[in-house]
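# Structural features, examined
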Amino acid sequence: MPGLLRGVVRTAAIAGTATAVSNRVSRRQAGRWAQQEEQAAAAQPAPAAPPPPAAPSMDDKIAQLKELSALKEQGVLTEAELAVQKDRILNS
């Protein structure tokens, strides 16, 4: 019986040591991966700002002015509102 107990104790000690080593290796590897991810995130450039919207072409401005005059004729816009909108379109 003492020989059997010694074998069980030895097996338990070996298994405990193997588990401790395995856990330590896993934690170390996880730390390395996290460090690599941080370095990769820091190395990535910031996303570029979207380009400013293109200035409306003359054709677009003419179309807008035609729409405004149609709204004026329908009575939706007053003469003053039409003037303000025309200035906004022509100065953009």
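So, a few notes on the structure that sits alongside this text. A quick note: this is a predicted structure, and the numbers were derived from the prediction, not measured. (Residues numbered from 1 in each chain as written. Predicted model: local features only at pLDDT ≥ 70, side-chain atom pairs only at ≥ 80, totals over all residues. Heavy atoms only, no water.)

### Re the overall build of the chain
Looking only at helices and strands, one finds three helices and zero strands in the chain. Counting only residues that meet the buried cut, the chain has 5% of its 92 residues in that class. For the chain, the accessible surface area stands at approximately 8,000 Å², while carbon and sulfur atoms represent 61% of it. The centroid of the 11 positive side-chain charges in the chain is displaced by 32 Å from the centroid of its 9 negative side-chain charges. (Helix = DSSP H or I, 4+ residues; strand = E, 2+ residues; numbered from the N terminus. Buried < 20%, exposed > 50% of the residue type's maximum accessible area, 1.4 Å probe, protein only. Areas by Shrake-Rupley, 256 points an atom, 1.4 Å probe, with all protein chains shown as cover. Lys, Arg positive; Asp, Glu negative; His and termini not counted. Charge placed at Lys NZ, Arg CZ, Asp CG, Glu CD.)

### Observations regarding the pattern of salt bridges
A full pass over the atoms with the stated rule returns one salt bridge. Lys 72 is the salt-bridge partner of Glu 79, the closest N and O atoms lying 3.4 Å from each other. With a relative accessible area of 29%, Lys 72 lands in the partly exposed category. (Salt bridge = Lys/Arg side-chain N within 4 Å of Asp/Glu carboxyl O.)

### Quick look at the packing of helix α2 (residues 58-74) against helix α3 (residues 79-90)
Interhelical geometry of α2 versus α3 gives an angle of 175° and a closest axis separation of 10 Å. As summarised for this structure, α2 and α3 are arranged roughly antiparallel, according to the angle between their axes. Counted together, Lys 61, Gln 64, Leu 65, Leu 68, Ser 69 and Lys 72 of α2 and Glu 79, Leu 82, Gln 85, Lys 86, Ile 89 and Leu 90 of α3 form the full contact between these two elements. Class assignment for the residues of the contact of α2 with α3 results in five nonpolar, three polar and four charged. (Axes fitted to C-alpha atoms, helices over the stretch in contact; angles between N-to-C directions. Parallel < 35°, antiparallel > 145°, perpendicular 65-115°, else oblique. Contact = heavy atoms within 4.5 Å. Nonpolar A, V, L, I, M, F, W, Y, C, P; charged D, E, K, R; others polar.)

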